[in-house]
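Below, each chain spelled out in residue letters.
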Amino acid sequence: MGARTGQQYLDKLNAMTPELYIDGEKVTSKVAEHPAFRNNALTYAKLFDLQHDPAHRDVLTYESPTTGERVGTSFLVPRTEEDLKRRRAAFSAWAQYSHGFLGRTGDYMNSSLTALATAKKFFSRADPVFGERIEKYYEMARENDLLATHTLIPPQVNRSVSGSQQGGGNLSAKVVEEREDGIVVRGARMLATIAPIADELLVFPSTVLRGTPEDAPYSYAFAVPNDAPGLKYFCRAGLDHGRSHFDEPLASRFEEMDAVVVFDDVFVPNERVFLLGHPELCNAWYSETGAGALMTHQVVTRTLAKTEFYLGLASELAAAIGIGGFQHIQQDLSELISYVEIEKAVLRAAEADGAVSEDGVFLPKWEVLNAARNWYPTKVSPRLTEIIRKFSASGLMALPGEADFEAEGRPDIDVYLQSATLPAKDRARLFKLALDASVSSFAGRESLYEYFFFGDPVRMAGAQVNAYPREALQERVRELLAREGQ
Ligand SMILES: Cc1cc2nc3c(=O)[nH]c(=O)nc-3n(C[C@H](O)[C@H](O)[C@H](O)COP(=O)(O)OP(=O)(O)OC[C@H]3O[C@@H](n4cnc5c(N)ncnc54)[C@H](O)[C@@H]3O)c2cc1C
């Protein structure tokens, strides 16, 4: 099949029967027709269509090494720096379409699958069969252009005990039976973004296993189709309130649903089990396979598109209400410009300083990407929304909706709610965007997402500190302290 069109994606989605719960209901309609998922599915369909658009086709797809069909570039195994640049161009094309507001475009998980499929040495530390299985799965995903969601962490019940101790060992998803032909999994996991609109669920290791016998049933990696029997998704309330693109320009397009995953004795056939046991390998799943590096390469490309969008939005707002000449406004714009340029530099440095792994894959430089991965959630992302709120002020509330421009009060609105450069309706359209980018429920979820989606920043910072070679730098300090004279 190769790269899918939007219609092919929607047809498959509507033919699937995932067990979804939302707002007290079990979803019985076709997924892509359900009001909570429809708009997001349509936006994803648009991304699939871009793969066939002559303007993007050569960037977003390449020739499959096995079938010769065009397949998604995020499946391309990078062997050179040029390949990394090709991958980035593809990430960028999709990220610019959603301006970085879609966190789970297929290229995110495809990047992890691409790294894992090539990490033969890693898997052979357990059993080479695991490496063969994930390579086959990767090829199947590539040739069928499948969209995956994923889930990593135990339910948030009591974080002062390990995942395996939650609820006396009966809450976190674990292997309850090992059969000749596969495993049976029972329990829950958080959190699967885009679960309702995905084809597949990747259940990859929680990377905080302690290696005790108690943790053995929690040491696994596998994939199941999204409508596997016994698999259930419990969705949060939707943030796309069914309003127009004028009133909710971001939520009506980019709202990605999040869901808790429950495995009610889900059977996983052997060919979809990519690791079983080996907690030490589970813990190294992202760091030693290159998956973390290829995924972060995609993430930084996406967050660059998002930062650029906020710079554009802040500039539009400043121009609209005549605040662009104030010094503190310029200071904030300068801060946004700096973020954009630093993120571009991070990508170039990570690619230029990349190196070939022991499996022959050209991986971007992890230390550089890891710096961005720690920096963006805590320093950059919160400032984006803060700056939009600061620029917009009461303009985010003195804000008529689309219907008001068709109603009796319009003449007053046209007069009193115009801006220095825009008629009232265009000003309202712009400020609705600012609202959805900074204070709406959609914006709140986006902020939470950027802060946590890649893991808890507190623990990510700890991991960065512990892994970063600082001894030589400390030695320089000691040398100066010990120096006599100049
Ligand atoms: C919008 C959104 C989408 C997401 N999408 C996905 C997804 O698609 N797939 C997926 O697998 N995951 C997803 N996640 C989950 C994400 O990986 C977690 O939010 C993240 O790892 C933090 O875990 P937690 O939410 O359980 O927080 P917790 O671990 O419960 O942390 C809560 C608070 O306690 C502190 N804390 C807890 N334990 C410790 C500790 N041991 N040491 C220090 N501090 C601690 C944390 O710092 C934090 O402040 C998503 C999260 C969000 C918010």
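Source: prediction; values computed, not measured. (Residues numbered from 1 in each chain as written. Predicted model: local features only at pLDDT ≥ 70, side-chain atom pairs only at ≥ 80, totals over all residues. Heavy atoms only, no water.)

(A) Region of the structure containing the site of the ligand. Near the ligand there are 21 residues, and of these Arg104, Arg159, Leu191, Thr193 and Asp456 occur at the shortest range. Contact between the ligand and Thr193: a nitrogen atom at 2.7 Å from a side-chain N or O atom of the residue. Considering the ligand on its own, with 950 Å² of exposed area, one finds that the protein chains cover 74% of that surface. Those elements that provide at least two residues to the shell around the ligand are β5 (148-151), β7 (182-193), α15 (441-452) and α16 (457-467). Among the residues forming the shell around the ligand, the class breakdown is 10 nonpolar, 5 polar and 6 charged. (Near = heavy atom within 4 Å. Polar contact = N/O pair within 3.5 Å; in protein donor to acceptor, adjacent residues only side chain to side chain. Areas by Shrake-Rupley, 256 points an atom, 1.4 Å probe, with all protein chains shown as cover. Helix = DSSP H or I, 4+ residues; strand = E, 2+ residues; numbered from the N terminus. Nonpolar A, V, L, I, M, F, W, Y, C, P; charged D, E, K, R; others polar.)

(B) Representation of the UniProt feature "binding site: FAD" (unreviewed entry) in the protein chain in the model. Under the present numbering, the feature "binding site: FAD" (unreviewed entry) in UniProt falls on His150, Thr151, Leu152, Gln156, Val157, Asn158, Arg159, Thr193, Asp456, Pro457, Val458 and Arg459. Position of Asn158 relative to the elements: it lies in the loop between β5 and β6 (174-179). On the basis of relative accessible area, Asn158 is assigned to the partly exposed category, the value being 33%. Separated by 2.6 Å, the side chains of Asn158 and Ser160 make a polar contact. (UniProt positions renumbered as here; feature names shortened; annotations may be inferred. Buried < 20%, exposed > 50% of the residue type's maximum accessible area, 1.4 Å probe, protein only.)

(C) Summary view of the sheet that holds β5. The mixed open sheet is built from 4 strands, whose spatial order is β5-β8-β9-β12. With one partner strand each, in any of the chains shown, β5 and β12 (273-276) form the two edges of the open sheet. The mean inter-strand angle of the sheet, taken between neighbouring strand axes irrespective of direction, is 20 degrees. Strand direction decides the pairing type here: strand β9 (residues 220-225) and β12, joined by 3 bridges, are antiparallel. (Pairing = 2+ DSSP bridges. Axes fitted to C-alpha atoms, helices over the stretch in contact; angles between N-to-C directions.)

(D) Spatial organisation of empty space enclosed by the protein. A complete count under the given rule lists 5 cavities of 30 Å³ or more for this structure. Considered as a void within the structure, the largest cavity measures approximately 90 Å³ in volume. Sorting the residues of the lining of the largest cavity by element identifies α10 (291-320) and α12 (366-392) as the ones contributing at least two each. Here the lining of the largest cavity gets 5 residues from one element, more than from any other, and that element is α12. Residue composition of the lining of the largest cavity, grouped by class: 8 nonpolar, 1 polar and 3 charged. (1 Å grid on protein atoms, 1.4 Å probe; cavity = no way out; pocket = protein on both sides within 12 Å on 5 of 7 lines; lining within 4 Å. Points joined across faces, edges and corners; volume = space filled by probe spheres on them.)

(E) Quick peek at unusual backbone geometry. A cis amide bond links Met190 with the next residue in sequence, Leu191, at an omega value of -20 degrees. Relative to the assigned elements, Leu191 resides in strand β7. In this structure, Asp265 is a non-glycine residue whose phi angle is positive, near 55 degrees. The residue Asp265 is located in strand β11 (residues 258-269) in this model. Even without glycine at this site, Ala393 takes up a positive phi of about 50 degrees. With respect to the element layout, Ala393 can be found in the loop between α12 and α13 (410-416). For Ala393, a relative accessible area of 48% corresponds to the partly exposed category.

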